[in-house]
Amino acid sequence: MDTIKIDDNPLELAEKIVEDIKFSKEKGLLKCVQCGMCTSMCPGARNSEYNPRAMIEKVLEGDESVISDKTIWNCFYCYTCHSICPVGNSACEVNQILRQIAISKGIANEEVSPFAGFVDLMMDIGLGGIPDNFHQDLIRDIGKEWEEKNMNLNKIREELGLKPLEMPKNSIKEIRVLLKKTGLDKRVNKLRE
């Protein structure tokens, strides 16, 4: 049995989450009674070791091991937990903040670095797209026709009477400046370290 010192604040982590700008202020993290409705309806919990109820329990106990728990990366952000909670808690919002804390602490690089290619594409072409590192997975999941369509997208667009999908060069420069001003480029570089 853990002993809690009188000066310890087990709700420090929960209070940090409640104060986060990404957290809906009216949501009831501090009202959670551990009924488990969030977990019973969660598709992430159904298909993995992720357990929103257990995650919230750790947060309310001030157990910061939840930040490095790899199961938090199995939340789909479908917001089912958000809509079903009888006290208005939002496990998915708590999860999002825990992930951001993990990223800030540099303990989530393995989970997040594969997605750095999305930022590279925004910096390079000013548009979202599928980074190269996901192409083989998509070919496996969708089939060779995905690769053919992806590689010949401009030709297909031309046949349909559409212009090539390109961002004006000035707009690309503006997007690049905006992304750098937000510090996103540095954050992505840190993920790759």
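Residues numbered from 1 in each chain as written. Predicted model: local features only at pLDDT ≥ 70, side-chain atom pairs only at ≥ 80, totals over all residues. Heavy atoms only, no water.

### Structural notes on the nonpolar core
Ranked by size, the top nonpolar core spans 30 residues in total, and within it Ile 17, Leu 29, Met 55, Val 59, Val 94 and Leu 98 carry the most contacts. At eight residues, the largest contribution of residues to this core is made by helix α7 (residues 91-104). Not counting the four nearest positions on each side in its chain, Met 55 is found in contact with Tyr 50, Val 66, Ile 72, Ala 91, Val 94, Asn 95 and Leu 98. With six residues, the next largest nonpolar core counts Ala 116, Met 123, Ile 175 and Leu 179 among its residues. (Core = buried A, V, L, I, M, F, W, Y, C linked by side-chain atoms within 4.5 Å. Buried < 20%, exposed > 50% of the residue type's maximum accessible area, 1.4 Å probe, protein only. Helix = DSSP H or I, 4+ residues; strand = E, 2+ residues; numbered from the N terminus. Contact = heavy atoms within 4.5 Å.)

### A short note on the layout of surface pockets
When its volume is computed, the largest pocket comes out at roughly 510 Å³. Every residue lining the largest pocket is counted, 18 residues in all, and those nearest its centre are Leu 121, Ile 125, Asn 150, Leu 153 and Leu 165. For the lining of the largest pocket, the elements supplying multiple residues, two or more each, are α9 (116-125), α11 (144-151), α12 (153-159) and α13 (169-181). For the lining of the largest pocket, the residue count by class is 10 nonpolar, five polar and three charged. Taken as a whole, the second largest pocket holds about 190 Å³ of empty space. Together, Trp 73, Gln 100, Ile 103, Glu 111, Val 112, Phe 115, Ala 116, Val 119, Leu 184, Arg 187, Val 188 and Leu 191 line the second largest pocket. Both domains that meet at the lining of the second largest pocket, namely domain 1 (11-105) and domain 2 (109-191), each give it at least three residues. (1 Å grid on protein atoms, 1.4 Å probe; cavity = no way out; pocket = protein on both sides within 12 Å on 5 of 7 lines; lining within 4 Å. Points joined across faces, edges and corners; volume = space filled by probe spheres on them. Nonpolar A, V, L, I, M, F, W, Y, C, P; charged D, E, K, R; others polar. Domains from an automatic or database assignment.)

### Structural notes on the packing of aromatic side chains
Scanning the entire structure with this criterion turns up three aromatic pairs. Ring centres of Phe 115 and Phe 134 lie 5.5 Å apart, and the angle between their planes is 35 degrees; this geometry places the pair in the tilted category. Of this pair, Phe 115 sits in the loop between α8 (109-112) and α9 while Phe 134 sits in the loop between α9 and α10 (135-142), placing them 19 residues apart in sequence. Using a relative accessible area of 18% as the deciding quantity, one classes Phe 134 as buried. (Phe/Tyr/Trp six-rings, centres within 6.5 Å; stacked < 30°, edge-to-face > 60°.)

### Observations regarding the domain arrangement of the protein
We note that the domain assignment places domain 1 (11-105) and domain 2 (109-191) within the protein. Placing the centre of domain 1 and that of domain 2 at their C-alpha centroids yields a distance of 30 Å. In this assembly, five residues from domain 1 lie in contact with six residues from domain 2. Both faces combined, the contact of domain 1 with domain 2 buries some 510 Å², and carbon together with sulfur accounts for 48% of it. For the domain 1 face of the interface with domain 2, the top three residues by lost area are Lys 70, Trp 73 and Ile 103, together amounting to 78%. Linking domain 1 to domain 2 there are two salt bridges. Residues Lys 70 and Glu 111 are paired through a salt bridge, measuring 3.0 Å at the closest nitrogen-oxygen approach. In this assembly, domain 1 and domain 2 are joined by two residue pairs in polar contact (both at pLDDT 80 or more). (Buried area = accessible area lost by both parts, 1.4 Å probe. Salt bridge = Lys/Arg side-chain N within 4 Å of Asp/Glu carboxyl O. Polar contact = N/O pair within 3.5 Å; in protein donor to acceptor, adjacent residues only side chain to side chain.)

### Here's the deal with empty space enclosed by the protein
What the rule picks out here adds up to two cavities of 30 Å³ or more. Size it by volume and the largest cavity reaches roughly 120 Å³. Lining the largest cavity are 16 residues, with Cys 32, Cys 35, Cys 38, Cys 85 and Asn 89 positioned closest to its centre. Residue assignment for the lining of the largest cavity shows that the elements contributing at least two residues are α2 (37-41) and α4 (52-61). Tallied by class, residues from the lining of the largest cavity come to 11 nonpolar, four polar and one charged. Estimates place the volume of the second largest cavity at around 60 Å³. Around the second largest cavity sit Cys 42, Pro 43, Gly 44, Tyr 50, Cys 75, Phe 76, Tyr 77, Cys 78, Tyr 79, Thr 80, Cys 81 and Cys 92, which together line it. Where the lining of the second largest cavity is concerned, the elements lending two or more residues are α3 (43-47) and α6 (80-84). Considering only residue class, the lining of the second largest cavity consists of 10 nonpolar, two polar and no charged.

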